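As a plain string of letters, each chain reads:
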Amino acid sequence: MTKLSQVAFFASVIAFACAQCPHMDAMKRRDTIRLENSAFESLESPRTYKGMEIFSEVKEDIRKALKTPREEWPADYGHYGGLMIRGAWHCAGTYRKSDGRGGCDGARPRFAPELEWEDNGNLDNSRIILEPIKEKYGDDLSWADLLVLTGNVAIEDMGGPVLGFCGGRMDDADGTNSLPLGPSTIQEAIKPCPVNGKCETPLGQTKIGLIYVNPEGVMDEPDPEKSVHAIRDSFGRMGMNDSETVVLIGGGHTYGKAHGACEDPPCGEGEMKGKGNNTVTSGLEGPWTTTPTQWDQEYFTNLLKYDWVKFKGPGGRYQFKPSDDSVHIQMFTTDVALLHDESYLALVRKYATDKEALDNDFKYAWYKLVTRDMGPRERCHGEDIPPAQPFQNPLPEPSSATVDVPAIKGRIAKLLRAETEILEGDKDTEGKPYYGALLVHLAYQCASTFRITDYKGGCNGAAIRFVPQKDWPENVGMDKVLEFLGSVHADYPDMSWADLIVLAGEVALVEAGGEPMDFNAVRSDAVSGEHYESVELRDYYVNATVAVRDSMDVMGLTPDQFVALMGRPRSNSQMKRIGLLGSYDTDPSHFTNEYYQLLLNSTWVQSEQNEHVYIAEDSEGVKIEGTHMTDWDMVLINVPELKEIVSEFAADEKWFKEVFAEAWVALMRADLF
Ligand code: HEM
């Protein structure tokens, strides 16, 4: 996550705090909100980051530093490459596809909590070695780019393959954005891990404090077979398939060594205390190959060639060594695990015999590992950027630029009240059909998948047409809404579905009484769901309050933006299709601030039929027909900071509609880079 999300985060903290300041008048708060919005919208502005002009020079400096001995931290085998590759991998390896958090953008291993993770031992030394380079380039080069680029240069310098470099990472100011990764109260609230060692998604790792899995085995038990599942599970949570997993583990462990030496001279003695040959990092000891500064197939051939037996290394941890003691190499439980699964074993054999496949698969997997938190390729800077990869969700060139937007708006406006057999819509006060709220729902569902954590999701690409999004519970019936919009698309085939969905939502809002909104026909459609890696449904929250707070953070919305968007017109028919009892409002064709007034002025009672539904009661305790809210709506009045915003919107409809229009446009445009 970048500075931008931090700005949004701290701005929201300020806004939360200030919402409770007794002396702050509404106008001052409103100025703060404008500032927050501009932070969100500046996602669209071109970056001022200058790193792209200097990367080749930086690479030269890194190449020299890798082989320049430093007394305070001597290199193994005269080359800092192993340490640096591990540094880049640990920086990037926190990425998890559940919510897009983690990854090297932000360079947060510099700060607690990641700095203190057991797995990140001695990586501060890798940064000490790089510090002169960081100082030389100052703000022109982020730590995050430097760490990843150093990993690349180290791989290359020892003969390995590299696909290219996507620069443009920005440094976080502290470790706040890592708090959800654990251990922290924020992580505990989102997803506790009752047995540390068996943590589940959305956490990326099986044990908090490790990057993925325990090298010694699940719960320290040196059973390679048991590690198979843990490896597949945790690498899967990062979006890596079997071949990416095997080639990354084996490719990584082709280089360098593990550190758990305590024998000669005994640990804690002499000038080399805790460093050089006396380094203790993981407590595991030894290299995986006889050529640890050279890219080759030895990791894979070694795995196959020897009979691996369990032993306790000098650091007191279980490892594996060849039964005949002929060479001084070792493997972890997790390395030997690659021999205990049919699919993994086939891949080990492939990489042991096919150098070309090894080179090819490793360079693509490494690029994905270190780049996937950066979003689409358009966000990359530098002169060595590879073509867009599948994980970057490449889209065709937009085709809508020349379409007649006013004419299409007219067609959509007519559609709002058209008769159709395709789907059941809503009724206005006169009992006439009304489809506007369904179009708003479609646009919101399409765009609200956006995650500022990894710049994925959003309506560009119109992934809502494909599995899995089309099957998400809240999207039931959206295929029919798309079919309904199909008549417009048939007449204007040059307009992308993504643009049409966004425009239809906007027309519906404006026709219902919303503020005018800017629209640019710039989106394009993914060709198929197959090559479009969809974001995941976040359905793991323990309660609605956690879900609201976390979703706001993941989407990059400020509290004001979020509360405003919650007041969007809601389709009665859609709420029923979703399995709820209906909308808060019997007439979604009029867009007002009624939602906030109802929230504040009614008594809300949980439905006996559905725990997620709340029904309004009047002062006599009589249920008000047709007035339903969800547990998410209740959060807005149960959390004081949000309730303050609800009160403002309830009191001032014009203000609400202004904030709404800004928030809506910001969300619809969040994925345009
Ligand atoms: C070293 C665990 C995957 C690259 C190590 C060490 C451990 C470890 C415990 C020793 C640290 C020390 O004592 O210095 C694991 C586990 C993995 C995994 C459990 C997954 C199952 C990877 C991947 C890469 C990688 C995917 C990179 C693509 C390295 C490198 C070193 C290393 C280069 C050597 C560091 C040095 O020479 O100082 N790993 N690792 N590892 N790992 Fe991994």
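Note that the structure is a prediction, hence the values are computed from the model and not measured.

Chemist: Pulling in residues and values, what's your account of the overall build of the protein?
Modeler: Looking only at helices and strands, the protein has 24 helices and nine strands in total. Taken against the 2.2 N^0.38 rule, which gives 26 Å for 673 residues, the C-alpha radius of gyration of the protein at 28 Å falls within 12% of a compact globule. Per-residue burial over the protein gives 59% buried out of 673 residues. Across the protein, contacts joining residues at least 24 apart in sequence account for 71% of those joining residues at least 6 apart. As presented, the protein carries roughly 26700 Å² of accessible surface, and 51% of it is formed by carbon and sulfur atoms. The distance from the centre of the 67 positive side-chain charges to the centre of the 107 negative ones in the protein is 1 Å.

Chemist: Please provide a residue-by-residue account of the pairing of strand S3 (residues 308–312), values included.
Modeler: Relative to strand S4 (residues 318–322), S3 runs antiparallel, the two sharing five bridges. Residue Lys 310 lies in a different strand from S4, and its bridge partner there is Phe 320.

Chemist: Requested: an account of the state of the cysteines, with residues and values cited.
Modeler: If you walk through the whole model with that rule in mind, you get four disulfides. The disulfide partner of Cys 91 is Cys 104, and the gap between their sulfur atoms is 2.0 Å. Looking down the S-S bond of the Cys 91 and Cys 104 bridge, the torsion is 85 degrees, so its handedness is right-handed. Of the two residues, Cys 91 is situated in helix H4 (residues 81–92) and Cys 104 in the loop between H4 and helix H5 (123–137); the sequence distance between them amounts to 13 residues. For Cys 104, a relative accessible area of 0% puts it in the buried group. With a sulfur-sulfur separation of 2.0 Å, Cys 446 is cross-linked through a disulfide to Cys 459. On the sign convention where negative is left-handed, the bridge of Cys 446 and Cys 459, at about 85 degrees about the S-S bond, is right-handed. A residue pair is termed long-range when its members are at least 10 positions apart, and Cys 446 in helix H15 (residues 436–447) and Cys 459 in the loop between H15 and helix H16 (478–491) qualify at 13 residues. By the burial criterion, Cys 446 is buried, and Cys 459 matches it.

Chemist: Go over the coordination of the iron atom of the ligand, please, and point to the residues and values.
Modeler: Ideal coordination angles are 109.5 degrees for a metal with four donors arranged tetrahedrally and 90 or 180 degrees for a metal with six donors arranged octahedrally. Counting protein donors to the iron atom of the ligand gives just one, His 253 (NE2), placed at 2.1 Å. Within the secondary structure, His 253 sits in the loop between helix H9 (242–252) and strand S1 (257–258).

Chemist: How would you sum up helix H10 (residues 298–305)? Please name residues and give values.
Modeler: Residue pairs spaced three or four apart in an α-helix point in one direction, given the helix's 3.6 residues per turn. Among all positions of H10, only Glu 298, Tyr 299, Phe 300, Asn 302 and Leu 303 are buried. Residues of H10 that are buried sit in contact with H9, S3, helix H11 (333–336), helix H12 (342–353) and helix H13 (355–371).

Chemist: Break down the environment of Ile 637 for me, citing the residues and quoting the values.
Modeler: Within the secondary structure, Ile 637 is located in helix H22 (residues 631–638). Residues Ile 637 and Phe 111, 526 residues apart in the sequence, show an inter-C-alpha distance of 35 Å. Contact partners of Ile 637, with chain neighbours within four places excluded, come to Leu 599, Leu 600, Trp 604, Lys 643 and Val 646.

Chemist: Can you break down the side chain of Gln 445 residue by residue, with the values?
Modeler: Within the secondary structure, Gln 445 is located in helix H15. Among residues more than four places away in sequence, those in contact with Gln 445 are Ile 464, Glu 474 and Asn 475.

Chemist: Which residues make up the site of the ligand, and what are the values?
Modeler: Trp 89, His 253, Lys 257, His 259 and Ser 282 are the nearest of the 24 residues found near the ligand. In the model, a nitrogen atom of the ligand is placed 3.1 Å from a nitrogen or oxygen of the Trp 89 side chain. Of all the elements in the fold, those that place two or more residues in the shell around the ligand are H4, H9 and S1. Ranked by the residues each element gives to the shell around the ligand, the list is headed by H4, at five residues. Along the lines of polarity and charge, the residues of the shell around the ligand split into 14 nonpolar, eight polar and two charged.

Chemist: I'd like to hear about the pattern of salt bridges, residue by residue, with values.
Modeler: Scanning the entire structure with this criterion turns up 39 salt bridges. A salt bridge links Asp 553 to Arg 101, with the nearest nitrogen and oxygen atoms 3.2 Å apart. Here Arg 101 lies in the loop between H4 and H5 and Asp 553 lies in helix H18 (residues 544–555), a separation of 452 residues in the sequence. Of the charged contacts, one joins Glu 617 and Lys 623 as a salt bridge, the two residues approaching to 3.7 Å between their closest N and O atoms. Several salt bridges share partner residues, and in doing so they unite Arg 96, Asp 99, Arg 101, Asp 550 and Asp 553 into one network.

Chemist: Give me the lowdown on the environment of Leu 438, citing residues and values where you can.
Modeler: Mapped onto the elements of the fold, Leu 438 is located in helix H15. Separated by 67 residues in sequence, Leu 438 and Gly 505 have C-alpha atoms that sit 8.4 Å apart. Among residues more than four places away in sequence, those in contact with Leu 438 are Leu 423, Glu 424, Gly 425, Asp 426, Met 478, Val 481, Ser 571, Ser 573, Gln 574 and Arg 577.

Chemist: Tell me about the domain arrangement of the protein, and please be specific about residues and values.
Modeler: Segmentation of the protein into domains returns domain 1 (3–44 + 540–669), domain 2 (51–377) and domain 3 (400–531). In this complex, domain 1 contributes 31 residues to the contact, which on the side of domain 3 involves 38 residues. With both chains or domains summed, domain 1 and domain 3 bury close to 3000 Å², and 67% of this area falls on carbon and sulfur atoms. Together, Arg 577, Trp 664 and Met 668 form the three largest contributors to the area buried by domain 1 at its contact with domain 3, with a combined 19%. Counting the contacts that link domain 1 with domain 3 gives zero salt bridges. Across the contact surface, domain 1 and domain 3 share twelve residue pairs in polar contact (both at pLDDT 80 or more). The element that contributes the greatest number of residues to the side of domain 1 that touches domain 3 is helix H24 (residues 653–669), accounting for nine residues. When the residues that make up the side of domain 1 that touches domain 3 are grouped by side-chain class, the tally is 14 nonpolar, nine polar and eight charged.

Conventions used here
- Residues numbered from 1 in each chain as written.
- Predicted model: local features only at pLDDT ≥ 70, side-chain atom pairs only at ≥ 80, totals over all residues.
- Heavy atoms only, no water.
- Helix = DSSP H or I, 4+ residues; strand = E, 2+ residues; numbered from the N terminus.
- Rg over C-alpha atoms; globule rule 2.2 N^0.38 Å.
- Buried < 20%, exposed > 50% of the residue type's maximum accessible area, 1.4 Å probe, protein only.
- Contact = heavy atoms within 4.5 Å.
- Areas by Shrake-Rupley, 256 points an atom, 1.4 Å probe, with all protein chains shown as cover.
- Lys, Arg positive; Asp, Glu negative; His and termini not counted.
- Charge placed at Lys NZ, Arg CZ, Asp CG, Glu CD.
- Pairing = 2+ DSSP bridges.
- Disulfide = S-S within 2.5 Å.
- Donors = N, O, S within 2.8 Å, 3.2 Å for Na, K, Ca; no water.
- Near = heavy atom within 4 Å.
- Polar contact = N/O pair within 3.5 Å; in protein donor to acceptor, adjacent residues only side chain to side chain.
- Nonpolar A, V, L, I, M, F, W, Y, C, P; charged D, E, K, R; others polar.
- Salt bridge = Lys/Arg side-chain N within 4 Å of Asp/Glu carboxyl O.
- Domains from an automatic or database assignment.
- Buried area = accessible area lost by both parts, 1.4 Å probe.

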